[in-house]
Amino acid sequence: MKVDLLPLSRVSAALAAREVSPEALLESSLERIRALDGKLHAFLRLTEGEARAAAKAASQRRERIGPLDGVPIALKDIFCMEGVETTAGSRILKGYLPPYDATVVRKLKQAGAVIVGKLNMDEFAMGSSTENSAFGPTRNPWDLERTPGGSSGGSAAAVAARMVPGTLGTDTGGSIRQPAALVGCAGMKPTYGRVSRFGVIAFASSLDQVGAFAQDVRGVALLLSAIAGHDPDDQTSSTRPVPDYAASLARGVRGLRIGVPAEYFGEGLQPEIDKAVRAGIEVLRSEGCEVKPISLPNSPHAIAAYYIVATAEASSNLARYDGVRYGHRARATQLLEMYERTRAEGFGAEVKRRIMLGTYALSAGYYDAYYLRAQKVRALIRRDFDTAFATVDAVVCPTSPTTAFRLGEKVDDPLAMYLNDIYTVPVNLAGLPGISVPCGFDNKRLPIGMQLIGKPFDEETLLRLAHAYEQRAGFAEQLPPLVEHAGR
Ligand code: GLN
């Protein structure tokens, strides 16, 4: 197989062995993007100039800085990158040029990564299909009539189509894990506080977390080690030391206890997913894990609580887009009129819906009934997980109740779209780490994802389990037909 079709950790090894140069690798990445992006629309823009300079610098270094040195990486368009337009998928930020790099972008650059461009996403990360992007949807490399999931749909599609070996995304209610599942790659949302959010455009600040996509779990581990850690610019980032996640994969999974929550295998789950995830659990059992039934009784309330908390925080975070400081400004003669028109013209329908829901939930007289109540449900969900983690080391369940759905299928039914997040939002509400790993295909040959959920700051155990599973299952090397046809 050509080097640029390999999963991230093997691309990194090929660079270390000088089997390929960073410059040649970048050119094959750009070539595949040019060949496929007309169909997929994973990218909003390329940063070819910066990328070529970074690849050249990597080629000229005598010693590699580390495993990401010379590796092409792309970013969800929610990460500020100095001097590069950053829109969060919204018209309101069109033309916005950040004056600084997000901390994770700075860290990637310092690790020698070659940043090739910015990826499509649902507007302000609100959505599960990338159809809420103001710049048109991204398509799923396994079936162009279907969505890659969202909101980090561009990040997932770019990895699955082998345009780049790794990408960054954000996950507020499932936006890394769900698209990873729908396109058949690995995607991890670390513990709340594990990765700095400085320079990351905010959606719901008590839930947002940065994470990574790669075709292999080791690739995700390498990315996470590079971006995790304390940042004085983000007071919510943890001061705990960052483990060498890739090194800990060698420790194996024998003796780990995994919990299977009854509530996550119920009504609404596509039967093929039920079957594939149960088969995945058997693989882990045969690797020496102890499998236990558990209960997370408050999880069925998670969607309701999430859509209060997330919309309330979003309505507050999005107040800053007033036409004065960033991006789009409407023509008007009066100040108030300018604010109103800017927001009316700049925001899309889903973002407006959420601002209205959130403003209502926070309004005087309703705060106790909605926001406060949702926070109480959130505490109960967290407590369920704490109870479970007294007897198990990780929880295993489906990532998404369905495989990739058709473009347009759920756009007119926001509630159906929201229900897609049923297995992912409890993890954000509880602030826990979660990873999705490919675990098979349905009868239309659409990828299925298995989710592993861990204790706070125990990303290592999740990565070990996901890696052990992936080694046995071998789904990481499967190419979507689109890439297969473009030639190995
Ligand atoms: N689909 C969920 C939402 O629309 C989650 C989005 C996310 O994680 N950013 O809010």
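Residues numbered from 1 in each chain as written. Predicted model: local features only at pLDDT ≥ 70, side-chain atom pairs only at ≥ 80, totals over all residues. Heavy atoms only, no water.

Undergrad: A description of the pattern of salt bridges should follow, citing residues and the corresponding values.
TA: Evaluation of the coordinates by the stated rule reveals 22 salt bridges. With a shortest N-O distance of 3.0 Å, R45 and D77 are connected by a salt bridge. With a gap of 32 residues between them, R45 in strand β1 (residues 43-46) and D77 in the loop between β2 (72-76) and α4 (103-110) connect regions that are remote in the sequence. Judged by its relative accessible area of 16%, R45 falls in the buried class. Where R341 meets E337, a salt bridge forms, and the shortest distance between an N and an O atom there is 2.7 Å. You can see R341 and its partner E337 sitting in helix α11 (residues 335-346), 4 residues apart, about one turn around the helix. (Salt bridge = Lys/Arg side-chain N within 4 Å of Asp/Glu carboxyl O. Helix = DSSP H or I, 4+ residues; strand = E, 2+ residues; numbered from the N terminus. Buried < 20%, exposed > 50% of the residue type's maximum accessible area, 1.4 Å probe, protein only.)

Undergrad: A description of the site of the ligand should follow, citing residues and the corresponding values.
TA: Looking at the ligand, there are 15 residues lining it, with T172, G173, S175, Y306 and R354 nearest. In this structure, a nitrogen atom belonging to the ligand sits 2.8 Å away from a main-chain N or O atom of A125. Between the ligand and the protein, one listed contact pairs a nitrogen atom with a side-chain N or O atom of S151 at 3.5 Å. Summarising the interface, the protein chains cover 100% of the accessible area of the ligand, which totals 290 Å² for the free molecule. Across the shell around the ligand, the residue classes tally to 5 nonpolar, 7 polar and 3 charged. (Near = heavy atom within 4 Å. Polar contact = N/O pair within 3.5 Å; in protein donor to acceptor, adjacent residues only side chain to side chain. Areas by Shrake-Rupley, 256 points an atom, 1.4 Å probe, with all protein chains shown as cover. Nonpolar A, V, L, I, M, F, W, Y, C, P; charged D, E, K, R; others polar.)

Undergrad: Run through helix α1 (residues 8-16), naming residues and quoting values.
TA: Buried within α1 we find L8, S9, V11, S12, A14 and L15. Against α2 (22-40), β2, β4 (166-171), β6 (209-214) and α7 (217-227) lie the buried residues of α1. Two residues or fewer after α1 comes R18, characterised by a positive phi angle close to 55°. (Contact = heavy atoms within 4.5 Å.)

Limitation: the analysis is restricted to geometry and does not speak to function.
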